[in-house]
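This is what each chain is made of:
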Amino acid sequence: MAAMELGTLLKYAGDCRVLRGNVKNVIIKEIAENSGSCKKGSLFVCVKGVEKNGHDYAADAAQHGASAVIVQHETTIPGSCVVIQAADSKKALFDMTDAFYAAAKKKVKIIGVTGTKGKTTVTYLLDSMLKAKYKKDNAVIGTIGYRIGRKLYRAENTTPSNVKIHRMIAEAADKGIRWVIIEASSHALDQGRLKNITFDRAVLTNVTRDHFDYHKTFANYLRAKLTAARENLKKGGVLVVNADSKGAQEFIKEGRKKKAEVLTYSWSGRTDLKLKFYDIDIKGMDFELEIGGEKEVFHSKLVGEHNIYNVMAAVAALHGIVDLKTAERAVRSFKTVKGRLDKAYDGRFTVLVDFAHTPDSLEKILTTLNELKKRRIITVFGAGGNRDRGKRPMMGEAAARLSDKVIVTSDNPRFEEPQEIIKDVLAGIKDKSNVEAITDRRTAIAHAIKMAQKDDIILLAGKGHEDYQIVKDKKLHFDDRETVLELIKELKCD
């Protein structure tokens, strides 16, 4: 693992001065984020974040044994640890982290995947294709977990903090892992969590409305996404763009500024990666792809047009590294990513769990299911509390238009009243004759199962891989898939 003399590290901290102690002979073995985990060799940097101020934890870091603490303003810190004041502690943290882990970053290749939908599936497809090629484990950092080789860490956010990403890259490098695949969320790109992380290859899956509670406008949201190409993509790297997406031309423009190899894919086929034909049913799909004169027919257990897009994104991202035959072999054996059109039950009727939580993603999933259904679609969904209210009626409209039955329920209400969230969703539905509102999610799922008939499809949308519900300040265990299996047994549906 990395280690550096404090005096050397401070050369990257910008304008700073020592308030207490002597930096000579102080060896830093880690840049710590959690004051409670500090020990000898830890450097704790106080930064004011969105929700917390690191200065409030400076004393705790010192008491736990930190060798040095960096502050932006004078702060009372007990003990004898070295205290340094930086003119800009956040910038100092980014630049010192970059320097501390510079050697590790040189040992790996990084692929960054951004977009509103498809990021998780694309990252795991990339992982699968690279494994098929090299027979080695990779690192995958994203929504459903942070996996370094075979070691799995629970995901707190889609994209972790800047220090944590660097630390995981270093762990991957120490294990001899060559490829690190990262989901780049709009929040992370906007907040600098990917600062100084250079993508050898970057992928845009799509850009549709999401996170307006944070970004406020589509222009701001797109601007955050563009950071992946504008700042993170290395000069002369590879940029893969879904040409059918909003913002595609802006991404291509940024890629050309970086002198990147820009590879496009689309449904129309007038792109670098072409879709020649496809055939989809509820069991899976067959489709042919062509790139650089190479053609291959793919067979997949995945379902839906959106998953053809996801495969295309991964294939384009690894063009020149993984040949189409190897990519097809990986896709053929690839199982559904947890919570992405994930079959929770497939018997007399089918229950699918999906993370769709935006108007566009819900509409696309339901459009796909309408093409595959034999009888009815029963959709159970809600909307998150303390998030973008504007999308709620839009989701209601899409669900009612594309479903035979709709049950509006709770998602993660957080500090909002569930009934008020449901009211916002219902406001987008003109004809409510086939719509019900059931606040409790388990009861809503049970109701859907009770009404299901032979060959019906039940879609549980919004939570996907999540195994919790956030109610006020509590995170309560709740897993859609687990709940379905329990109810199927209780209601004796088999």
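Residues numbered from 1 in each chain as written. Predicted model: local features only at pLDDT ≥ 70, side-chain atom pairs only at ≥ 80, totals over all residues. Heavy atoms only, no water.

Novice: Can you lay out helix α5 (residues 119–134) for me, pointing to particular residues and giving the numbers?
Specialist: An ideal rise of 1.5 Å per residue puts 22 Å on 16 residues; α5 measures up with 22 Å between its terminal C-alpha atoms. Of all the 16 residues making up α5, 13 are buried; the element is thus mostly covered by neighbouring parts of the structure. (Helix = DSSP H or I, 4+ residues; strand = E, 2+ residues; numbered from the N terminus. Expected span 1.5 Å × (residues − 1). Buried < 20%, exposed > 50% of the residue type's maximum accessible area, 1.4 Å probe, protein only.)

Novice: So what about helix α9 (residues 218–232)? Which residues, and what values?
Specialist: Taking 1.5 Å of rise per residue, 15 residues should cover 21 Å, and α9 covers 21 Å from first to last C-alpha, within 8% of that figure. The largest bend in α9 is about 40°, located at Leu226. (Bend = angle between axes of the 7 residues up to and from the residue.)

Novice: With reference to specific residues and values, describe the packing of helix α16 (residues 441–451) against helix α17 (residues 480–490).
Specialist: For the pair α16 and α17, interaxial distance at closest approach is 10 Å and the crossing angle is 50°. Viewed along their axes, α16 and α17 adopt a mutual orientation that is oblique. As α16 packs across α17, the resulting crossing turns out to be right-handed. Two secondary-structure elements touch here, α16 through Arg441, Arg442, Ile445, Ala446 and Ile449 and α17 through Asp480, Thr483, Val484, Glu486, Leu487, Ile488 and Glu490. Of the residues assigned to the contact of α16 with α17, the class counts are 6 nonpolar, 1 polar and 5 charged. (Axes fitted to C-alpha atoms, helices over the stretch in contact; angles between N-to-C directions. Parallel < 35°, antiparallel > 145°, perpendicular 65-115°, else oblique. Left-handed = near helix turned anticlockwise from the far one by under 90°. Contact = heavy atoms within 4.5 Å. Nonpolar A, V, L, I, M, F, W, Y, C, P; charged D, E, K, R; others polar.)

Novice: Before we move on, can you summarise the packing of helix α13 (residues 359–372) against helix α14 (residues 391–402) with the specific residues and values?
Specialist: The geometry of α13 relative to α14 is characterised by a closest axis approach of 9 Å and an angle of 5° between their N-to-C directions. Our classification of the angle between α13 and α14 gives roughly parallel. Listed contacts from α14 to Pro359, Leu362, Glu363, Leu366, Thr367 and Asn370 of α13 are Lys391, Met394, Met395, Ala398, Ala399, Arg401 and Leu402. Taken together, the residues of the contact of α13 with α14 break down into 8 nonpolar, 2 polar and 3 charged.

Novice: Please give an account of the pattern of salt bridges that cites residues and values.
Specialist: Following the criterion strictly, the structure yields 37 salt bridges and no others. In this structure, Arg147 and Asp127 form a salt bridge, with 2.9 Å as the shortest nitrogen-oxygen distance. Here Asp127 lies in helix α5 and Arg147 lies in strand β10 (residues 145–148), a separation of 20 residues in the sequence. The two residues Arg147 and Asp127 agree in class, both being buried. In this structure, Arg392 engages Glu416 in a salt bridge whose closest nitrogen and oxygen atoms are separated by 2.6 Å. With Arg392 in helix α14 and Glu416 in the loop between β22 (405–408) and α15 (418–426), this pair connects stretches of sequence that are 24 residues apart. Given the relative accessible area of 0%, Arg392 is considered buried. In this structure Glu416 comes out as buried when scored by relative accessible area, which is 18%. In the salt-bridge network here, residues are joined through shared partners; they are Asp127, Lys131, Asp137, Arg147 and Arg150. (Salt bridge = Lys/Arg side-chain N within 4 Å of Asp/Glu carboxyl O.)

Novice: So what's going on with the sheet that holds strand β2 (residues 16–20)? Which residues, and what values?
Specialist: Judged by pairing direction, the sheet is mixed, and its 5 strands sit side by side in the order β2-β7-β6-β5-β4 without closing on themselves. Two strands in the sheet have a free side with no partner beyond their single neighbour: β2 and β4 (30–32). If you compare each strand with its neighbour and ignore which way they point, the axes differ by 25° on average. For β4 and strand β5 (residues 42–45), the ladder comprises 3 bridges, and the chain directions are parallel. Looking across to β5, one finds that Glu30 is bridged to Ser42. Its contacts with the sheet place helix α3 (residues 89–100) against β4, β5, β6 (68–71) and β7 (82–86), and it is angled at close to 150° to β4. (Pairing = 2+ DSSP bridges.)

Novice: Quick one: what's the story with the packing of aromatic side chains, residue by residue and with numbers?
Specialist: This structure, assessed with the given rule, holds 7 aromatic pairs. Taking the centre distance of 5.0 Å and the plane angle of 85° together, the rings of Phe100 and Tyr101 count as edge-to-face. Across this residue pair, the class does not change: Phe100 and Tyr101 are buried. Ring geometry for Tyr345 versus Phe349: centroids 5.2 Å apart, planes at 55°, classification tilted. As far as the burial class goes, Tyr345 and Phe349 line up, both buried. Aromatic ring contacts, followed pair by pair, group Tyr265, Trp267, Tyr278 and Tyr309 into a single cluster. (Phe/Tyr/Trp six-rings, centres within 6.5 Å; stacked < 30°, edge-to-face > 60°.)

Novice: Explain the sheet that holds strand β24 (residues 457–461) to me, using residue names and the numbers behind them.
Specialist: One open sheet accounts for 6 strands, arranged β19-β20-β24-β21-β22-β23; its pairing is mixed. Each edge of the open sheet carries a strand with a single partner, namely β19 (342–346) and β23 (435–437). Going from strand to strand, the sheet's axes swing by 15° on average, the running direction of each strand aside. Note that β19 and strand β20 (residues 350–354) share 4 bridges and pair antiparallel. Looking at β20, one finds that Lys343 is bridged to Leu352.

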